[in-house]
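Commentary on secondary and tertiary structure
Listed below are the residues making up each chain.
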Amino acid sequence: MLSADEWTILALSLRVGAVAMAAALPPAFALAWLLARVRFPGKVLVDALVHLPLVVPPVVTGWLLLLAFAPAGPVGSLLQHWFGISVLFRWTGAAIAAAIMALPLMVRAMRLSIEAVDAGLENAARTLGAGPWRVFWTLTLPLSLPGVLAGAVLGFARSIGEFGATITFVSNVPGETQTLPLAIYSALQQPGAEATVWRLSGIAVAVSFAALLASEWLTRRVRRGLHGV
Amino acid sequence: MAFEIQVAKRLGEAEIALDCVAGDGLTMLFGPSGTGKTSVLNMVAGLLRPDRGRISVAGRVLFDAATGVDVPPQHRRAGYVFQDPRLFPHRRVRANLLYGARDERALPATVAMLGIGHLLDRWPRTLSGGEARRVAIGRALLSDPAFLLLDEPLSSLDRPRRAEIMDALLRVRDEARLPMLMVTHDPEEAERLATRVVTL
């Protein structure tokens, strides 16, 4: 079975992944809906900005986060001033890095599923007297739900695998910011720790696999609920 | 007048223009495919914005480019039966029928008139084309519309189904007494149902 250290690493990874996913979910869905359904000036720019973390080297993203959240940085100074907290070298910082890195993937999956909702159905609802909110709650959201859930699980898996931005932003602190990939990286630096690498890698594969299965199961369940299959 | 429609709209290469005044009963918009009949219905429903013109139905101005009036679709009280039934796939027939209903007590009478009582607990994807069409008509009627828009409600149905829907429409025309604007490209349909025909 897992050692105490391995449990710590796994628990921390799951916590970072879950918090990152939960934090990214509302903005990801809002952005996905905006990009799928609304025409506005500067849309290309917003689209590009959302996708930036996907293409910029993660180290750069981590460094920019470090600048922003440093005690003198624009976000860090506000957090310090209002709440007296800092996310540097903390697991919360790891979750922020993971959320930013997961956002583009989540937006992509959700946008596709929102675009797949037949606009004709939404128009039919409008002629039946439904305002924008009712159309959203009764049609857009439930019909895109499988894709939204799939996007969320994808974000979770991506968060657990985050490496570059995390290690640059909040470093590699055992028990605080050392998630699975960071622990594997540390073990690789030590001579004779191949067994640890094997075990941690096995855990990482198992967690990712479980996330994919959960996503598939959720999607099917939602589809069944939606169409009474 | 039930319908007073003077609109123009450029869609790509095509210029859609209509100027007609029609009284009560069923007004048929007749013309070959691609002349913008559906676009006219969409403009009356508020789903497509005309470039210029004015739309007034049953004495209420729904759109007027000159005065800037543009009532949003959810406030136009249009009972719109689209060419495809557009039933909500995640709701059973009963919930589809009641989606826009102002008064649920009207359900039994509408259901009886359209003969869809046995379908209430079914899912839309299990309905035949004719059944789905009748449910779509019922859903539009139950939203307590001020007028009806019908886009080729008889298309892609076999002969017995066509007769069935046509009977239902005649009953709606005579019982509900709503002004109706219907699109068709079938002269026989226009002949049989229309109070008057407007050719586009």
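Residues numbered from 1 in each chain as written. Chains lettered and ligands numbered in written order. Predicted model: local features only at pLDDT ≥ 70, side-chain atom pairs only at ≥ 80, totals over all residues. Heavy atoms only, no water.

**Considerations on the overall build of chain B**
Helix and strand counts for chain B stand at 6 helices and 10 strands. Its C-alpha atoms give chain B a radius of gyration of 16 Å, near enough to 16 Å, the size a compact globule of 200 residues would have. Per-residue burial over chain B gives 55% buried out of 200 residues. Across chain B, the fraction of contacts at a sequence separation of at least 24, relative to all contacts at a separation of at least 6, is 68%. Surface accessibility of chain B: about 8,600 Å² in total, with carbon and sulfur atoms responsible for 48%. Charge-centre separation for chain B: the mean point of 28 positive side chains lies 5 Å from the mean point of 25 negative side chains. (Helix = DSSP H or I, 4+ residues; strand = E, 2+ residues; numbered from the N terminus. Rg over C-alpha atoms; globule rule 2.2 N^0.38 Å. Buried < 20%, exposed > 50% of the residue type's maximum accessible area, 1.4 Å probe, protein only. Contact = heavy atoms within 4.5 Å. Areas by Shrake-Rupley, 256 points an atom, 1.4 Å probe, with all protein chains shown as cover. Lys, Arg positive; Asp, Glu negative; His and termini not counted. Charge placed at Lys NZ, Arg CZ, Asp CG, Glu CD.)

**Regarding the nonpolar core**
Residues and elements named next belong to chain B. One finds I5, V44, I55 and L149 to be the most contacted residues of the largest nonpolar core, which totals 39 residues. In this structure, V44 is in contact with I5, I55, V57, L62, R76, F147, L149 and L181, ignoring residues within four places of it in sequence. With 38 residues, the next largest nonpolar core counts L26, V111, L169 and L193 among its residues. (Core = buried A, V, L, I, M, F, W, Y, C linked by side-chain atoms within 4.5 Å.)

**A few points about the side chain of S13 of chain A**
Residue and element names in this part refer to chain A. Tracing the chain through its elements places S13 in helix α1 (residues 4-37). Taking relative accessible area as the criterion, S13 reaches 1% and is therefore assigned buried. Not counting the four nearest positions on each side in its chain, S13 is found in contact with I160, T179 and L180.

**Quick look at the interface of chain A and chain B**
Interfaces are often sized by the accessible area lost when the parts come together. Counting residues at the interface gives 23 residues for chain A, matched by 20 residues for chain B. Between chain A and chain B the total buried area reaches about 1,900 Å² when both faces are included, carbon and sulfur atoms providing 62% of it. Connecting chain A to chain B are 5 residue pairs in polar contact (both at pLDDT 80 or more). Grouping the amino acids of the side of chain A that touches chain B by side-chain chemistry returns 12 nonpolar, 9 polar and 2 charged. (Buried area = accessible area lost by both parts, 1.4 Å probe. Polar contact = N/O pair within 3.5 Å; in protein donor to acceptor, adjacent residues only side chain to side chain. Nonpolar A, V, L, I, M, F, W, Y, C, P; charged D, E, K, R; others polar.)

**Regarding the pairing of strand β4 (residues 52-57) of chain B**
A regular strand places its side chains so that they alternate between the two faces of the sheet. Residue and element names in this part refer to chain B. Judged from the 6 bridges that link them, strand β1 (residues 3-11) and β4 form a sheet pairing that is antiparallel. The residue bridging Q6 from the neighbouring strand is R54, located in β4. For β4 and strand β5 (residues 60-64), the ladder comprises 4 bridges, and the chain directions are antiparallel. Bridge assignment links S56 to a residue of β5, and that residue is V61. Linking two consecutive strands that pair antiparallel, namely β4 and β5, is a turn of 2 residues; a positive phi of about 50 degrees is found at A58 within it. (Pairing = 2+ DSSP bridges.)

**A closer look at the packing of helix α4 (residues 129-142) of chain B against helix α5 (residues 159-176) of chain B**
Residue and element names in this part refer to chain B. Axis separation between α4 and α5 bottoms out at 10 Å; the angle between their running directions is 15 degrees. With respect to α5, the axis of α4 lies roughly parallel. Every pair of crossing elements has a handedness; the one defined by α4 and α5 is right-handed. On α5, the residues touching G130, R133, R134, I137 and L141 of α4 are R161, E164, I165, L169 and V172. (Axes fitted to C-alpha atoms, helices over the stretch in contact; angles between N-to-C directions. Parallel < 35°, antiparallel > 145°, perpendicular 65-115°, else oblique. Left-handed = near helix turned anticlockwise from the far one by under 90°.)

**Section: helix α3 (residues 58-69) of chain A**
Residues and elements named next belong to chain A. Here α3 contains 12 residues, and its C-alpha end-to-end distance of 16 Å stays within 8% of the 16 Å for a straight helix at 1.5 Å per residue. Along α3, the residues that are buried comprise T61, G62, L65, A68 and F69. Projected down its long axis, α3 carries its buried residues within an arc of 125 degrees, all on one side. (Expected span 1.5 Å × (residues − 1). Arc of directions from axis to C-beta.)

**Examining the sheet that holds strand β7 (residues 78-81) of chain B**
Residue and element names in this part refer to chain B. Across the sheet, 5 strands lie side by side as β7-β8-β9-β3-β10; this open sheet has parallel pairing. A strand with exactly one partner marks an edge of an open sheet, and here the two such strands are β7 and β10 (196-199). Direction aside, the axes of adjacent strands within the sheet are offset by 20 degrees on average. Where strand β8 (residues 147-151) lies against strand β9 (residues 180-184), 4 bridges are found, and the strand directions are parallel. Paired with L150 across the bridge in β9 is M182. Relative to the sheet, α4 contacts β7 and β8, its axis offset from that of β7 by approximately 175 degrees.

**Looking at the packing of aromatic side chains**
Centre-to-centre distance and the angle between the planes together describe a pair of aromatic rings. The tally for this structure, following the rule as stated, stands at 9 aromatic pairs over all chains. Ring centres 6.0 Å apart and planes at 90 degrees place the aromatic pair F3 of chain B and F147 of chain B in the edge-to-face group. With a gap of 144 residues between them, F3 of chain B in strand β1 and F147 of chain B in strand β8 connect regions that are remote in the sequence. The residue whose ring lies beneath R134 of chain A is Y99 of chain B, and the NZ or CZ to ring-centre distance is 4.0 Å. Positioned over the ring face of F82 of chain B is R86 of chain B, at 3.9 Å from the centre of the ring. (Phe/Tyr/Trp six-rings, centres within 6.5 Å; stacked < 30°, edge-to-face > 60°. Lys NZ or Arg CZ within 6 Å of the ring centre and 35° of its normal.)

**Here we look at the environment of G76 of chain A**
Residue and element names in this part refer to chain A. Relative to the helices and strands, G76 is located in helix α4 (residues 74-83). Distance from G76 to L66, taken between C-alpha atoms, is 9.0 Å for residues 10 residues apart in sequence. Residues in contact with G76, not counting those within four places in the same chain, are A68, F69, A70 and P71.

**Comments concerning the sheet that holds strand β6 (residues 69-70) of chain B**
All names here are of chain B. Spatial strand order, β2-β1-β4-β5-β6: 5 strands in an open sheet with antiparallel pairing. Each edge of the open sheet is held by one strand with a lone partner, namely β2 (14-22) and β6. Pairing analysis gives 9 bridges linking β1 to β2, with the strands arranged antiparallel. Within the sheet, the bridge partner assigned to F3 lies in β2 and is A22.

**A word on a nonpolar patch on the surface**
All names here are of chain A. Taken together, the side chains of L49, L52, L54 and V55 present a nonpolar region at the surface, about 390 Å² in accessible area. Relative to the helices and strands, L52 resides in helix α2 (residues 43-55). Overall, the relative accessible area of 40% leaves L52 in the partly exposed class. (Patch = residues over 30% accessible without salt bridge, like charges linked within 9 Å, V, L, I, M, F, W, Y side chains within 5 Å. Salt bridge = Lys/Arg side-chain N within 4 Å of Asp/Glu carboxyl O.)

**Re the UniProt feature "transmembrane region" (unreviewed entry) in chain A**
All names here are of chain A. Within the UniProt annotation, "transmembrane region" (unreviewed entry) is assigned to residues 12-36, 48-70, 82-103, 135-157 and 196-214. A helix fraction of 87% and a strand fraction of 0% characterise residues 48-70, whose end C-alpha atoms lie 26 Å from each other. For the annotated span residues 196-214, helix accounts for 100% and strand for 0% of the residues, and the straight-line distance between the end C-alpha atoms is 27 Å. (UniProt positions renumbered as here; feature names shortened; annotations may be inferred.)

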